[in-house]
Amino acid sequence: MLDKIKEHIAKVEAFSASTLEDVEAFRIKYSGRNGVVNDFMAEFRNVPNELKKDYGQVVNKLKTVALEKVNTLKEALEDTNDTASTINDLSRPGEPISIGARHPISIVKNQIIDIFSRIGFNVSEGPEIEDDWHNFTALNLPEYHPARDMQDTFFIQTNPDVLLRTHTSSVQVRYMENNKPPIRTISPGRVYRNEAISGRSHCFFHQVEGLYIDKDVSFADLKQTLQYFTTEMFGKSKIRLRPSYFPFTEPSAEVDVYWGLETETDYKMTKGTGWLEIMGCGMVDPNVLENCGIDSKEYSGFAFGMGIDRIALLLHQISDIRMLSENDIRFLEQFKSAL
Ligand code: DAH
């Protein structure tokens, strides 16, 4: 008799079911009123006294094992039913996905890249940690130039040869060292200067450098290229070039675009003149070409450099440059509709 009950225990333990109906049938068979467990209980009084203890224990075990089995199977099946019904419910509302926005710096940078790529410029990049040669010396920046001053440049530790680049013109040098003319490249990137942080200036900002080297490149080509750029970028084609000085270009110029004086903002932005300064440019100094291994008798070219942050502030009417690096989600979310 005991062996028979133990056999049942083993059967119960091995039992599994794939539907709730099967579990119910199992429950009735073992734990129902006329089930196996009750049958064995009824036998109890016919068991000889000396065996009653063992018999009782084994029947009780069968009872609990059967109940536990029913409960665990039921739970498992109800769980899978739940998941299945959620997955299959096609009318369930979707999880809301919050869509991000591009950063205004990226928006403006991509616009600039797009405009120049249409006239054959590729994109190049260089390291933000630079050496003296690429940031200064190769660019004809004389030793006494203020840009070399500790005031402006972040040097890395005590080694004056390792610094955070102060402009993207360093990428010009790297590009010319590694590529033969014709060269048409623009180099966007972050630059660093040791300046007090305020609403108008920051110790890091972004520039785009442009470089065009080929045979017979003239100042007229430069002016035409810049005019194409301002027309595409701002919808303004009136520009003027003011003579200026950069060590790496000769002649050098500052580019102003005529913004107009139609609104109060135009007055504010242009300080009442209608003109807005947007970049520096010039014909690449022959010394710079030679420093980079390009024959200055055979080739000439132009370069230009502009600040991305300033253009982003202008185009999006942002009043404080610090907003561009604070990562305030309320500010960034406002650019969702931009490109
Ligand atoms: N590197 C200059 C600056 O940081 C900008 C610049 C001016 C770049 C004239 C040029 C250039 O390539 O020709 O202010």
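It should be noted that the structure appears before, not after, this text.
No experiment lies behind these values; they were computed from the predicted model shown.

Each value, and the rule that gives it
Residues numbered from 1 in each chain as written. Predicted model: local features only at pLDDT ≥ 70, side-chain atom pairs only at ≥ 80, totals over all residues. Heavy atoms only, no water. Buried < 20%, exposed > 50% of the residue type's maximum accessible area, 1.4 Å probe, protein only. Helix = DSSP H or I, 4+ residues; strand = E, 2+ residues; numbered from the N terminus. Pairing = 2+ DSSP bridges. Axes fitted to C-alpha atoms, helices over the stretch in contact; angles between N-to-C directions. Parallel < 35°, antiparallel > 145°, perpendicular 65-115°, else oblique. Left-handed = near helix turned anticlockwise from the far one by under 90°. Contact = heavy atoms within 4.5 Å. Near = heavy atom within 4 Å. Polar contact = N/O pair within 3.5 Å; in protein donor to acceptor, adjacent residues only side chain to side chain. Areas by Shrake-Rupley, 256 points an atom, 1.4 Å probe, with all protein chains shown as cover. Nonpolar A, V, L, I, M, F, W, Y, C, P; charged D, E, K, R; others polar. Disulfide = S-S within 2.5 Å.

**Student:** Would you take a moment to explain the pairing of strand β7 (residues 249-258) for this structure?
**Tutor:** On any regular strand, side chains alternate: one points to one face of the sheet, the next to the other face. Counting buried positions over the 10 residues of β7 gives 7, a clear majority of the element. Across 7 bridges, strand β6 (residues 239-246) lies against β7 in antiparallel orientation. The residue of β7 that forms the bridge with F246 is T249. If you look at the hairpin formed by β6 and β7, you'll find 2 residues sitting between the two strands. In terms of strand pairing, β7 meets strand β8 (residues 275-284) through 8 bridges, oriented antiparallel. Each bridged residue has a counterpart across the sheet, and for V257 the counterpart in β8 is L276.

**Student:** Just checking my understanding: could you explain the packing of helix α5 (residues 104-117) against helix α8 (residues 219-234) for this structure?
**Tutor:** The geometry of a pair of packed helices is captured by two quantities: the angle between their axes and the separation between those axes. Following both chains from N to C, one finds α5 and α8 inclined at 130 degrees, their axes separated by 10 Å at the closest point. One way to sum up the angle between α5 and α8 is to call them oblique. With respect to the hand of their crossing, α5 and α8 are arranged in right-handed fashion. Mapping the contact onto sequence places V108, Q111, I112, I115 and F116 in α5 and T225, Y228, F229, E232 and M233 in α8.

**Student:** Please explain the site of the ligand as it appears in this structure.
**Tutor:** By nearness alone, 15 residues border the ligand, and H167, S169, R193, Q207 and E209 come closest of all. Within the side chain of Q172, a nitrogen or oxygen atom sits 3.2 Å from an oxygen atom of the ligand. Take R193: an N or O atom from its side chain is 2.8 Å from an oxygen atom of the ligand. For the ligand, whose free accessible area comes to 350 Å², the fraction covered by protein is 89%. If you list the elements that add at least two residues to the shell around the ligand, you get α7 (169-178), β5 (204-214), β8 and β9 (300-307). Looking at side-chain class alone, the shell around the ligand contains 5 nonpolar, 8 polar and 2 charged residues.

**Student:** Quick question: what am I supposed to make of the packing of α5 against helix α11 (residues 308-316) here?
**Tutor:** Two numbers describe how α5 lies on α11: the axes approach to 9 Å, and their chain directions differ by 100 degrees. Taken together, the axis directions place α5 and α11 in an arrangement best described as roughly perpendicular. Contacts between α5 and α11 pair P104, I105, I107, V108, K109 and Q111 from the former with I308, D309, I311, A312, L315 and H316 from the latter. For the contact of α5 with α11, a count of residues per class yields 8 nonpolar, 2 polar and 2 charged.

**Student:** Is there a simple way to explain the state of the cysteines in this structure?
**Tutor:** Throughout this description, disulfide means a covalent bond between two cysteine sulfur atoms. All told, the structure shown has 0 disulfides when counted by the stated rule. In this structure C292 is a free cysteine whose sulfur lies 19 Å from that of C281, the closest cysteine sulfur available. The class of C292 is buried, set by a relative accessible area of 5%.

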